[in-house]
Each structure stands twice: as C-alpha cells, then as structure tokens.
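Reading the structure
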Amino acid sequence: MIARITIVGRPNVGKSSLFNVLSGHKIAIVSDIENTTRDIVEYQMHDPENHISYILADSGGLTIGSDDEILSDIRNRVQESISRSDLILFVLEYDRLTALDEEIAKLLRKSGKKVIVVANKADNIERMNEAYALASLGFDDFVITSTAHDRGLDILKLAMVHSLKEQGLSYEEAIYDDGMLKLAIIGRPNVGKSSLINALTGTNRAMVRDMPGTTRDSIDSIVEWNGEKIVLIDTAGIRRSGKIGSANLEQWSVMRSERSITRADLVAIVIDADEGITSQDKHVVERALEEKKGIILVCNKWDKILARPTVQTLEEREAQRQADKAKSETEKLAKSKARGNKLPPLPESPIKPHNRAP
Ligand SMILES: Nc1nc2c(ncn2[C@@H]2O[C@H](COP(=O)(O)OP(=O)(O)OP(=O)(O)O)[C@@H](O)[C@H]2O)c(=O)[nH]1
Ligand SMILES: [Mg+2]
C-alpha cells in the first residue's frame, strides 16, 4: 500500500504553500485569507532517489470547538485524512504556539500517528534561531522551513522518507525504462497467472505508474531479478469492464493478450497442466512467433498431474521407456546368447522414477 502524509495545522500557517513546494506544482490555492483550503488536495509524490512513492495531502486549516458549519466540515475532513495517514506534518509559525496550536498538538498526540513538527515562515537565520523553541513540543521529528525562501525543504523531505521507511512503508511506483526486459504473463482465466506473479515477485513488487496517452489493459510491475529490473506485464489483474458483454468476453481477452504480446520481449504462456493446451493458447503461441517474441511455456498446477494415479509423469514415462528398451535388449541378448554370439555390453539401468510429492 502506498503511504500517506497529511499536512495539518491551524489556518494560514503556510500548509498549502508547503504542499506546493514539496510537490513542485502550484496545485493548492495559497492566500492570506484564513481557511482558503477546504477540501483535501492530494498529490502522488515519487522520490526515485530514495525509492519511495507516497500520497501527500494538503488539508484545510484546523479549528477546534467552533460550531460554524464550514469549519466543522473542514475539521471532519482533516480528521478523516489524519486517520488514513501514516505521517502528519504539523505546521506552525516559527515564532508562536497559539492556544489552537496546542489543541491541535493534543489531537495529534491522541491520534497516535507519527508527527513531524514543521516550524514554517523562518525566512532568515534570526527566525530560524527563534524557531528552535518549538522543538520542545516533543513529537517524532522537528524541521525548520521557509517555503517562501526555500529553506529546510530538502531536510523535511528526508525526514518524511525516513519516517515512512522506519515504519516499513517502502512502496515504490517505478517508472519505465525502455531498456528493461518486458515479460508478459498470458493465459486463460484461472490457470494461476496471479499466483505465479505473486510467487515470482513476493513483496519485491512495484507497480508502474500509468503513462499519459497510453491505453493500458494490463497491470505492469517491476521486479528485481539478480540485480536486473524486469517489467512484468500482467493481464491477470484486469477485470472485465461493465461495457463488455459476456458474448464479447473471449474476443476481448484475445485482443488484450495480443496487445500484451506486442509490448513484451518475452511471453510466458501459462497453462493448467491438468487441462493441457487449448486453441486459445495455440493462438497466443502463433501470435508470439509471428511477432518474433521469445516464448516460455509454463505448466502450472503440476501437482494435479502428480496426484493422478493413472497418468504417468514425464519422468515415469521416460523410466518406462528405458525399462522397455532394457527388456528388449535383454531379450535380444538372450537370443544371441542362445545362438552362441559374443556378449554386447549391457544397457545402462533405467533412470529412477520421479519422486512423488507426498
Ligand atoms: N514569509 C513567509 N510567508 C509564507 C511562507 N509560507 C506561506 N506564507 C504565506 O502565508 C499565507 C498563508 O499561506 P497558505 O499556504 O495559504 O496557508 P494555509 O495554511 O494553507 O492556509 P489555510 O488553507 O487557509 O489554512 C500566504 O500569504 C503565504 O504567502 C513562508 O515560508 N514565509
Ligand atoms: Mg491551505
């Protein structure tokens, strides 16, 4: 799950300004009129250097105890955003701690969330010095900033990343690199594509962000394999959209596979070992061959075959073949011996039957 950070504070302390400089976009409205921000504004942050992505949310100025409809509406939204967050940036003005600030501090302590105190508007060294008094609030971390004069913002970003990582939140939305090998996982429903992908990736999985202007009907993720990044094109995670009737479902799923093949370098065709290869699988192979893509045939649910008492495994078949061969050689040998010929060397013993799963 992607982590969430909410910027919280009383009106006019510079929350939206901070949100804009951290996100690098002028998204939130900044003004010196109190309670300019009413809705929660969100931006998905990507920090490729620190390998982390997270949602940054700007909230409306928090007031406590007022009956005003707008203010209590804002308060509810802020509370809701706090409850969904992993970290709070508690913004204050560098030179004061008002009664409202103290109330908010109490509320944040009660929430049990991790909190970084941000002493904002410290536009120069004197103000920065003054800001240190706020460190005594005693939350998890303390950073002095000036959004107007670009002070302390890199330190704040690092403190945010540090806190998320310390909490084990290291979701990273990876960004495409054309040099990465692209492996498409294709197969009919229920053959076990998703389980295969989960087994391959474990927790080492990063979803890929949608690229603007591309129609995507697969979910891509980047996994590291022996130090190399591989893009997994996963058609499994896609659900049929409401617009597609069941009559078109087959056609739609073929079209989806074809698009994934085109985007991939290597195509893994997953089949249910118990059911064998179907015409749809053959179509995928043909298509991949036409497009000159590498092909891996994955026989999943192999345990079902092993559990079948009447069907031989490939190893057993080979063992049987070797045993038959040995038998006929022995018979030949017996015949030639009877004719008094010289003995040819004995054939090698048949290979051992495959060990069955318990
Ligand atoms: N001097 C100085 N002014 C700042 C700084 N950051 C924000 N301001 C000013 O403070 C005022 C309020 O900024 P906003 O970012 O709108 O504050 P807010 O906390 O989002 O306000 P509400 O959404 O109304 O609660 C604006 O006039 C900003 O220009 C700063 O670092 N230094
Ligand atoms: Mg605001």
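Residues numbered from 1 in each chain as written. Chains lettered and ligands numbered in written order. Predicted model: local features only at pLDDT ≥ 70, side-chain atom pairs only at ≥ 80, totals over all residues. Heavy atoms only, no water.

**Here we look at unusual backbone geometry**
For Asn12, which is not glycine, the phi dihedral falls at a positive 75°. Mapped onto the secondary structure, Asn12 falls in the loop between strand S1 (3-8) and helix H1 (15-23). A positive phi angle, near 50°, is found at Asp150, a position not held by glycine. Turning to its location among the elements, Asp150 is positioned in the loop between strand S6 (141-144) and helix H5 (153-166). (Helix = DSSP H or I, 4+ residues; strand = E, 2+ residues; numbered from the N terminus.)

**Structural notes on the pairing of strand S3 (residues 52-58)**
The buried fraction of S3 amounts to seven of the seven residues, a majority that puts the element mostly inside the structure. The two faces of S3 match: Ile52, Tyr54, Leu56 and Asp58 on one face and Ser53, Ile55 and Ala57 on the other face are all buried. One ladder, built from five bridges, connects S1 with S3; its direction is parallel. Residue pairing in the sheet places Ile7 in a bridge with Asp58 of S3. (Buried < 20%, exposed > 50% of the residue type's maximum accessible area, 1.4 Å probe, protein only. Pairing = 2+ DSSP bridges.)

**Considering the site of ligand 1**
Around ligand 1, the structure places 22 residues, and the nearest of them are Lys15, Ser16, Ser17, Asp123 and Thr147. Taking Gly14, its main chain carries an N or O atom lying 3.0 Å from an oxygen atom of ligand 1. Measuring from a nitrogen atom of ligand 1, one finds a side-chain N or O atom of Thr147 at 2.6 Å. Surface burial for ligand 1 is 85%, taken as the share of its 650 Å² of free accessible area covered by protein chains. The element contributing the most residues to the shell around ligand 1 is H1, with three residues. For the shell around ligand 1, the per-class residue count stands at five nonpolar, twelve polar and five charged. (Near = heavy atom within 4 Å. Polar contact = N/O pair within 3.5 Å; in protein donor to acceptor, adjacent residues only side chain to side chain. Areas by Shrake-Rupley, 256 points an atom, 1.4 Å probe, with all protein chains shown as cover. Nonpolar A, V, L, I, M, F, W, Y, C, P; charged D, E, K, R; others polar.)

**As for the environment of Gly65**
Its place among the elements puts Gly65 in the loop between S3 and helix H2 (69-83). By relative accessible area, Gly65 is classed as exposed at 65%. Taking C-alpha positions, Gly65 is 9.7 Å from Glu103, a pair spaced 38 residues apart along the chain.

**As for the side chain of Arg75**
Here Arg75 shows up in helix H2. Although buried, Arg75 forms no salt bridge, and the nearest oppositely charged side chain, Asp67, lies 5.8 Å from it. When residues no more than four places from it in sequence are discounted, the contact partners of Arg75 are Leu62, Thr63, Ile64, Gly65 and Ser66. (Lys, Arg positive; Asp, Glu negative; His and termini not counted. Salt bridge = Lys/Arg side-chain N within 4 Å of Asp/Glu carboxyl O. Contact = heavy atoms within 4.5 Å.)

**Remarks on the nonpolar core**
Leu18, Tyr54, Leu56, Leu89, Ile116, Leu156 and Met160 are the most contacted members of the largest nonpolar core, which has 25 residues in total. Among the elements of the structure, S1, H1, S3, strand S4 (87-93), strand S5 (114-120) and H5 are those that each provide at least two residues to this core. Top contributing element to this core by residue count: H5, with six residues. Every residue in contact with Leu18, bar those within four places of it in the chain, is listed here: Ile7, Leu89, Val91, Val118, Thr147, Leu153 and Leu156. (Core = buried A, V, L, I, M, F, W, Y, C linked by side-chain atoms within 4.5 Å.)

**Topic: H1**
For H1, a buried count of eight out of nine residues is recorded, marking the element as mostly surrounded by other parts of the structure. Where H1 is buried, its residues touch S1, strand S2 (41-47), S3, S4, S5 and H5. Directly beyond the C-terminal end of H1, a positive phi value near 80° is found at Gly24.

**Observations regarding the sheet that holds S1**
What holds strands together in a sheet is hydrogen bonding between their backbones, with the strands either parallel or antiparallel. An order of S2-S3-S1-S4-S5-S6 is seen for the six strands of this open sheet, with the pairing classed as mixed. Two strands lie at the open edges of the sheet, namely S2 and S6, each paired on one side alone. This sheet shows a mean twist of 25° between the axes of neighbouring strands, independent of strand direction. Both S5 and S6 contribute to a ladder of four bridges, which runs parallel. (Axes fitted to C-alpha atoms, helices over the stretch in contact; angles between N-to-C directions.)

**A closer look at the confidence of the model for the chain**
Do not read the predicted coordinates in detail wherever pLDDT is low. Chain-level statistics for the chain give a pLDDT mean of 81 and a share of 79% at 70 or above. Here residues 237-242 is modelled with pLDDT under 50, and outside its nearest four sequence neighbours on either side it reaches eleven contacts, counting other chains as well. Note on residues 349-358: pLDDT under 50 across the span, and 16 contacts to partners over four residues away in sequence or across chains. (pLDDT = per-residue confidence, 0-100.)

**Topic: the environment of Asp86**
Note that Asp86 resides in the loop between H2 and S4. When its relative accessible area of 21% is taken as the criterion, Asp86 is described as partly exposed. Separated by 80 residues in sequence, Asp86 and Thr6 have C-alpha atoms that sit 8.3 Å apart. If near-sequence neighbours (up to four positions away) are discounted, Asp86 is found in contact with Ile2, Ala3, Arg4, Lys114, Leu164, Gln167 and Leu169. A polar contact of 2.8 Å, which involves the side chain of Asp86, links it to the backbone nitrogen of Arg4.

**Quick word on the packing of H1 against H5**
Axis separation between H1 and H5 bottoms out at 11 Å; the angle between their running directions is 85°. Between H1 and H5, the interaxial angle falls into the category roughly perpendicular. On H5, the residues that touch Leu18, Val21 and Leu22 of H1 are Leu153, Leu156, Lys157 and Met160. (Parallel < 35°, antiparallel > 145°, perpendicular 65-115°, else oblique.)

**Describing the pattern of salt bridges**
Counted by the stated rule, this structure contains 21 salt bridges. Note that Asp73 and Arg77 form a salt bridge whose closest N and O atoms lie 2.9 Å from each other. Remark: Arg77 and Asp73 occur in helix H2; sequence separation between them is four residues, near one turn of the helix. Under the relative-accessibility criterion, Arg77 is labelled partly exposed at 30%.

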